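The primary structure of each chain is shown beneath.
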Amino acid sequence: MAVSGIGNYGNGMQSALNYGESAVKSSGRKSSPAECETCKNRKYQDGSDEMVSFKSAAHISPGASGSRVRAHEQEHVSNAYKKAAQKNGKVMATNVSVSTSVCPECGRTYVSGGETRTQIKYFNEENPYQKGKKIADSAIYSGMHVNLAG
């Protein structure tokens with residue numbers, strides 16, 4: 001089973017406001033979403049060995065984090081189907097998990113990362129057991145879908 005995904009990387013340095021965000025500071029919070037340094041400097045990076053987006057750390061705004069992380073995880077799913085097709089395999093299962101967090105500074109909820117799990121079954125046509133299974137299956141399935149009306 002392969003596991004891949006993207007995650008919150010840490011903080012970098014930027015100096016602009018989070019435009020389009022509320023300037024109202026919630027009670028018990030250090031700043032408003034518009035002035036939040038933590039959200040402004042949050043970066044995401046992929047930790048897998050696949051060729052996908054976010055190989056180097058990049059900022060995603062909290063409002064766009066959901067769609068960007070889901071799109072990134074879909075790249076991993078697409079790669080699994082390509083890998084299976086190239087090596088005579090079949091994708092048996094894919095599971096994408098997206099996690100959310102709450103910013104400790106401003107209280108905004110954002111998508112903090114994602115993880116994709118894939119399971120691929122590979123067929124070995126040279127395996128004598130696989131050949132025997134095909135022969136046994138052919139006796140069961142032959143004639144199963146016959147159109148006698150035609």
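Refer to the structure above for everything that follows.
Before going into details, it helps to say that this report is about the structure given with it. (Residues numbered from 1 in each chain as written. Predicted model: local features only at pLDDT ≥ 70, side-chain atom pairs only at ≥ 80, totals over all residues. Heavy atoms only, no water.)

### Comments concerning the overall build of the protein chain
Within the protein chain, the regular secondary structure consists of 3 helices and 5 strands. Mapped in sequence order, the helices and strands of the protein chain form the string β-α-β-β-α-β-β-α. Across the 150 residues of the protein chain, 29% fall into the buried class. The long-range fraction of contacts in the protein chain, counting pairs at least 24 apart against all pairs at least 6 apart in sequence, stands at 60%. (Helix = DSSP H or I, 4+ residues; strand = E, 2+ residues; numbered from the N terminus. Buried < 20%, exposed > 50% of the residue type's maximum accessible area, 1.4 Å probe, protein only. Contact = heavy atoms within 4.5 Å.)

### Section: helix α2 (residues 65–86)
Spanning 22 residues, α2 covers 32 Å between terminal C-alpha atoms, matching the ideal 32 Å at 1.5 Å per step. What α2 keeps buried is the set Ser-65, Gly-66, Val-69, His-72, Glu-73, His-76, Val-77, Ala-80 and Ala-84. Burial along α2 is one-sided: seen end-on, the buried residues are contained in an arc of 145 degrees. In this structure, α2 carries Lys-82, Ala-85 and Gln-86 as exposed residues pointing more than 90 degrees from its buried face. Residue Asn-88 follows α2 closely and has a positive phi angle near 55 degrees. (Expected span 1.5 Å × (residues − 1). Arc of directions from axis to C-beta.)

### Some details on the state of the cysteines
Applying the stated rule across the entire model yields 0 disulfides. We note that Cys-36 lacks a disulfide partner, and the nearest cysteine sulfur, in Cys-103, lies 3.5 Å from it. Not engaged in a disulfide, the cysteine Cys-39 finds its nearest cysteine sulfur in Cys-36; these two sulfurs lie 3.6 Å apart. (Disulfide = S-S within 2.5 Å.)

### Observations regarding the side chain of Ser-48
Take Ser-48: it is sitting in the loop between β2 (42–46) and β3 (58–59). Polar side-chain contacts of Ser-48 include one of 3.3 Å to the backbone nitrogen of Glu-50. (Polar contact = N/O pair within 3.5 Å; in protein donor to acceptor, adjacent residues only side chain to side chain.)

### What to know about the pairing of strand β4 (residues 89–102)
Where β4 and strand β5 (residues 109–122) come together, 13 bridges link them in antiparallel fashion. Following the sheet pairing, Ser-99 is matched in β5 by Gly-113. Between β4 and β5, which pair antiparallel one after the other, the connecting turn spans 6 residues, and Gly-107 there sits at a positive phi close to 85 degrees. (Pairing = 2+ DSSP bridges.)

### Section: the packing of aromatic side chains
Overall, the coordinates contain 0 aromatic pairs when judged by the stated rule. Over the ring of Tyr-110 we find Arg-42; its NZ or CZ atom is 3.5 Å from the centre of that ring. (Phe/Tyr/Trp six-rings, centres within 6.5 Å; stacked < 30°, edge-to-face > 60°. Lys NZ or Arg CZ within 6 Å of the ring centre and 35° of its normal.)

### Details of the environment of Arg-68
Positionally, Arg-68 belongs in helix α2. Under the relative-accessibility criterion, Arg-68 is labelled partly exposed at 40%. Residue contacts for Arg-68: discarding those within four places in its chain leaves Phe-54 and Ile-60.

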